[in-house]
Amino acid sequence: MVHRFAFLVHPLDLKRDVARKYPFVKVMPAKWVEALLWRMRPKVLGKITGVKSIAGAETEGWLIAVPMTAQMMRDNEAAALAALEEACHIAKELGAEIVGLGAFTAIVGNGGVELQKRSPLPVTTGNSYTTWTALEATKRAADLMGIDWQKATAAVVGATGSIGKACAFFLSHGARLGSGTKGTAQGTEEEVLPPVGEVVLVGRDAGKLQAVCEELRAQARVPLHIATDIAEGLPSADVVITVTSAMDAVIAPEHLKKGCVVCDVARPRDVSERVHRERDDVLVIDGGIVEVPGEPHWEFPIGLPERLTLACVAETMLLALEGRLKPFTLGRHIFPERILEIAALALKHGFRLGGLRSFERALSNEHIQRIRQKARTP
């Protein structure tokens, strides 16, 4: 039986993303484009087909656009929730059985909790698999840059948020997968992600940071520190995972250590374009990029090659493939066991980390080696 899904998206860039569907807005003032969006209703962008698990299951789904930017959703959360609810009803009418939330739609209404109360379908934010792929990508990039992972200082920007806190947990605790996944014997466990050397939790609220730090210390295998200023928390970091809900970039070139790896999971981006232009001695990677099994085809492109998608989309696909048609990742807390569960499902169905990308461009091994060499130059 084929179970179907829907995934909700919204424009990240007021003119660029809207112009993918309506090219005429390129010549309109930004205020006019925003006024146009306020008058629009959720719309089906296109179908996604050809997703086929290596375990034999298949799924298909739809992209549905909610015509609001992140700032619009933040300014009027009641209107955003109403639009998301309408999109969920559209998904049900199409035949979807589960709905995934993308970008800021996963933040509105207490991380999807309020939307789930209104939705006729189960909802997931996709944040469990996003967390796992961010960790995987950061570890891969660190290896390519010659960073000794288990001696590295790792900083998590946005550590009091759901994804940030979950990343900090695994960075300080490590991760094991078992039950026969990844070539292990049934009932055994393999440490697939060892802890780093130390972790710095970065955020704006000292009280919340301290609470997260104390909670994580109970199981942490490494030292934990807090910093309320990026300029204080990042200069010593060998690896950085950043996932805030800021509207503008928060990480500038002067914040980063030479030779470090930065995984930017946030949308809108946390890392300034200036870093790309001015720092050829640091490696910035896009978080949460996944290769989809089968021959996926997107009627409406999302700015990635057809074989690739965002991890939040992939989580929704995985739940449909598995027939797991219940709410999976919701709220401000992501349970580590859910992250490990979705990681195991990804292995089962043949989803894997896509090639590393930076500012939406593919990174070759040669490019990474040039950055590594530049970082070693006095």
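The notes below deal with the structure included here. (Residues numbered from 1 in each chain as written. Predicted model: local features only at pLDDT ≥ 70, side-chain atom pairs only at ≥ 80, totals over all residues. Heavy atoms only, no water.)

1. Thoughts on helix α8 (residues 162–173)
Test applied: The helix and strand labels rest on DSSP assignments: H or I over at least four residues marks a helix, E over at least two residues marks a strand, and numbering proceeds from the N terminus. Between the first and last residue of a helix there are one fewer steps than residues, each counted as 1.5 Å, and that sum is the expected span. Burial status follows relative accessibility: with a 1.4 Å probe on protein chains alone, a residue under 20% of its type maximum counts as buried, one over 50% as exposed, and anything between as partly exposed.
Between the first and last C-alpha of α8 there are 16 Å, a value that for twelve residues agrees with the 16 Å anticipated at 1.5 Å per step. Listed as buried for α8 are Ser162, Ile163, Gly164, Lys165, Ala166, Cys167, Ala168, Phe169, Phe170, Leu171 and Ser172. Once α8 finishes, Gly174 follows within two positions and takes phi at roughly 85 degrees, a positive value.

2. Examining a positive patch on the surface
Convention followed: In this analysis, a patch consists of residues with relative accessible area above 30% that form no salt bridge, clustered at 9 Å for like charges and at 5 Å for the nonpolar side chains Val, Leu, Ile, Met, Phe, Trp and Tyr. Here, Shrake-Rupley sampling with a 1.4 Å probe gives the accessible areas, and only protein chains in the shown set may cover a residue. For this document, the term salt bridge refers to a Lys or Arg side-chain nitrogen within 4 Å of an Asp or Glu carboxyl oxygen. Counted as positive: Lys and Arg. Counted as negative: Asp and Glu, with His and the chain ends omitted from the count. In this description, the location of a charge corresponds to atom NZ of lysine, CZ of arginine, CG of aspartate or CD of glutamate.
Judged by side-chain charge, Arg74, Arg204, Lys208 and Arg332 come together as a positively charged surface patch. Tracing the sequence through the fold places Lys208 in helix α9 (residues 206–217).

3. Observations concerning the sheet that holds strand β13 (residues 283–286)
Put simply, the rule is: Two strands are said to pair when DSSP picks up at least two bridges between them. Axis definition: a line fit to C-alpha positions, over the contact stretch in the case of helices; interaxial angles, taken between N-to-C directions, run 0 to 180 degrees. We call two residues in contact when some of their heavy atoms are within 4.5 Å.
As summarised here, the arrangement of the six strands in space is β10-β9-β6-β11-β12-β13, forming an open sheet in which the pairing is parallel. Of all the strands in the sheet, the pair left with one neighbour each is β10 (224–227) and β13. Looking at each pair of strands side by side, their axes are set apart by 20 degrees on average, direction ignored. The sheet contact formed by strand β12 (residues 261–264) and β13 spans four bridges and is parallel. Across the sheet, Asp264 pairs through a bridge with Asp286, a residue of β13. Sheet strands touched by α8: β6 (153–157), β9 (198–202), β10 and β11 (239–242). Its angle to β6, the strand with the most contacts, is close to 165 degrees.

4. Quick notes on the pairing of β11
What you see with β11 is no split at all: Val239 and Ile241 on one side and Val240 and Thr242 on the other are buried throughout. Note that β6 and β11 share four bridges and pair parallel. Residue pairing across strands places Val157 opposite Thr242, the latter belonging to β11. Sheet analysis places β11 next to β12, joined by four bridges and oriented parallel. Residue pairing for β12: Val240 is matched across the bridge by Val262.

5. Quick notes on empty space enclosed by the protein
As a reminder of what qualifies: Cavity: a set of points on a 1 Å grid over the protein atoms alone where a 1.4 Å probe fits but cannot get out. Pocket: an open set with protein on both sides within 12 Å along at least five of seven lines, its lining residues, like those of a cavity, having an atom within 4 Å of a point. Grid points are joined across faces, edges and corners, and a volume is the space filled by probe spheres set on the points. Three classes are used: nonpolar for Ala, Val, Leu, Ile, Met, Phe, Trp, Tyr, Cys and Pro, charged for Asp, Glu, Lys and Arg, and polar for all others, with Gly counted as polar.
Taken as a whole and assessed by the stated rule, the structure comprises one cavity of 30 Å³ or more. Volume-wise, the largest cavity comes out at about 40 Å³. As for the largest cavity, its lining consists of Ala137, Asp286, Gly288, Ile289, Leu353, Gly354, Gly355, Leu356 and Arg357. Of the residues contributing to the lining of the largest cavity, the split by class is four nonpolar, three polar and two charged.

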